[in-house]
Amino acid sequence: MNSTPARWIAAILTALTTAVVIVAVAILPFLTPAWVDFDQGWTGAIGYTGYTHDELRAATDSILADLVVGPPDFDVAVRGEPVLNERERGHMRDVRGVFAGFAILALLAAVFLAAAIAGARRLGHPERAWAAVRNGARGLAVAVVIAGLIAYFAFDAAFEVFHRLFFPGGTYTFDPRTDRLVQLFPFDFWSQTTMAVGVVILLLAFVVARVAGGRARGATNRVESPRVAASEAIG
């Protein structure tokens, strides 16, 4: 791994996996009932559904559990009636598939990242791995700022593009007058959650970049100090 191409490839992969892990960690708080309850209250979901707060919580918590833990039945009922119709349940199963795929990617990224840092330490150049981690965090921050600007001025279009990338056409459009899924999770819910996720990603990226940058500088100093001392001794 001492050749220049190998070092570049390792650095790029380390930076990319750093970004994936940061995003995965940032998303976790927003998959909790506490956040969903807060944002549903903020966006007025209870008014769209006609449910009581307890009914709204029971329906949402069941859907969230099926999404995160499984099995992906999404068959919760309120007042003896299914909350979601079959088309809505199908979309939620598609969403769970995307989440599962990203979870696997994040796990693999975390394993690679740990191996890359450990490998760089064994080779005597931990500063290279930490510099790549720092650059990955910085690059992610720049990407999130750009994405945030796009979403701010064209959230509808960005939302549509995102769904077209990950879901079959026609499976993710619902009528807010009749479909519970978009009543439980109205459009404003997603716009506010997206902004909140972006803020958390930026905060995590800043912390990671600071920590990794400090470790990269510290490792570089430890490598250079003996060389400087040896050079001075020879001189």
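So, a few notes on the structure that sits alongside this text. (Residues numbered from 1 in each chain as written. Predicted model: local features only at pLDDT ≥ 70, side-chain atom pairs only at ≥ 80, totals over all residues. Heavy atoms only, no water.)

**Describing the side chain of threonine 49**
And then number 1: Note that threonine 49 resides in helix α3 (residues 45-49).
And then number 2: Owing to a relative accessible area of 7%, threonine 49 belongs among the buried residues under this scheme.
And then number 3: Of the polar contacts made by the side chain of threonine 49, one reaches the backbone oxygen of isoleucine 46; its length is 3.4 Å.
And then number 4: Within the local environment of threonine 49, its side chain forms a polar contact with the backbone nitrogen of tyrosine 51, the two atoms lying 3.1 Å apart.
And then number 5: Ignoring any residue separated from it by four or fewer positions in sequence, one finds threonine 49 in contact with Leu56, Arg180, Gln183 and Leu184. (Helix = DSSP H or I, 4+ residues; strand = E, 2+ residues; numbered from the N terminus. Buried < 20%, exposed > 50% of the residue type's maximum accessible area, 1.4 Å probe, protein only. Polar contact = N/O pair within 3.5 Å; in protein donor to acceptor, adjacent residues only side chain to side chain. Contact = heavy atoms within 4.5 Å.)

**Regarding unusual backbone geometry**
And then number 1: The omega angle of the peptide bond from glycine 70 to proline 71 is -5 degrees, so this bond is cis rather than trans.
And then number 2: Relative to the helices and strands, proline 71 is located in the loop between α4 (53-68) and β1 (77-78).
And then number 3: Of note, phenylalanine 74 is a non-glycine position whose phi angle comes to about 50 degrees, a positive value.
And then number 4: Positive phi outside glycine occurs at arginine 79, with the angle close to 60 degrees.

**Observations concerning the packing of helix α5 (residues 86-122) against helix α6 (residues 126-166)**
And then number 1: Interhelical geometry of α5 versus α6 gives an angle of 165 degrees and a closest axis separation of 11 Å. Classified by the angle between their axes, α5 and α6 sit roughly antiparallel to one another. As α5 packs across α6, the resulting crossing turns out to be right-handed. Contacts between α5 and α6 involve His91, Val98, Leu113, Ala116, Ile117, Ala120 and Arg121 on the former and, on the latter, Pro126, Ala129, Trp130, Val133, His163 and Phe166.
And then number 2: In the contact of α5 with α6, the residues fall into 10 nonpolar, two polar and one charged. (Axes fitted to C-alpha atoms, helices over the stretch in contact; angles between N-to-C directions. Parallel < 35°, antiparallel > 145°, perpendicular 65-115°, else oblique. Left-handed = near helix turned anticlockwise from the far one by under 90°. Nonpolar A, V, L, I, M, F, W, Y, C, P; charged D, E, K, R; others polar.)

**Points about the packing of aromatic side chains**
And then number 1: One pass over the full model with this rule turns up 11 aromatic pairs.
And then number 2: Through a chain of ring-to-ring contacts, three or more aromatic side chains come together here, namely Phe30, Trp35, Phe38 and Trp42. (Phe/Tyr/Trp six-rings, centres within 6.5 Å; stacked < 30°, edge-to-face > 60°.)

**Digging into the layout of surface pockets**
And then number 1: The volume enclosed by the second largest pocket comes to roughly 530 Å³.
And then number 2: If you trace the second largest pocket, you find 23 residues lining it, with Arg7, Ala10, Ala11, Arg128 and Ala129 closest to the centre.
And then number 3: Here the lining of the second largest pocket takes 10 residues from helix α1 (residues 4-27), the largest share from any one element.
And then number 4: Considering only residue class, the lining of the second largest pocket consists of 16 nonpolar, five polar and two charged. (1 Å grid on protein atoms, 1.4 Å probe; cavity = no way out; pocket = protein on both sides within 12 Å on 5 of 7 lines; lining within 4 Å. Points joined across faces, edges and corners; volume = space filled by probe spheres on them.)

**Here's the deal with the pattern of salt bridges**
And then number 1: Counting across every chain of the model gives seven salt bridges.
And then number 2: Across the pair glutamate 55 and arginine 79 runs a salt bridge whose closest N-O atoms are separated by 2.7 Å. Note that glutamate 55 is positioned in helix α4 and arginine 79 in the loop between β1 and β2 (81-82), a separation of 24 residues in sequence.
And then number 3: For aspartate 61, the salt bridge goes to arginine 57, with nearest N and O atoms at 3.1 Å. Separated by four residues within a single helix, aspartate 61 and arginine 57 lie in helix α4, roughly one turn from each other.
And then number 4: Assessed through its relative accessible area of 30%, aspartate 61 is described here as partly exposed. (Salt bridge = Lys/Arg side-chain N within 4 Å of Asp/Glu carboxyl O.)

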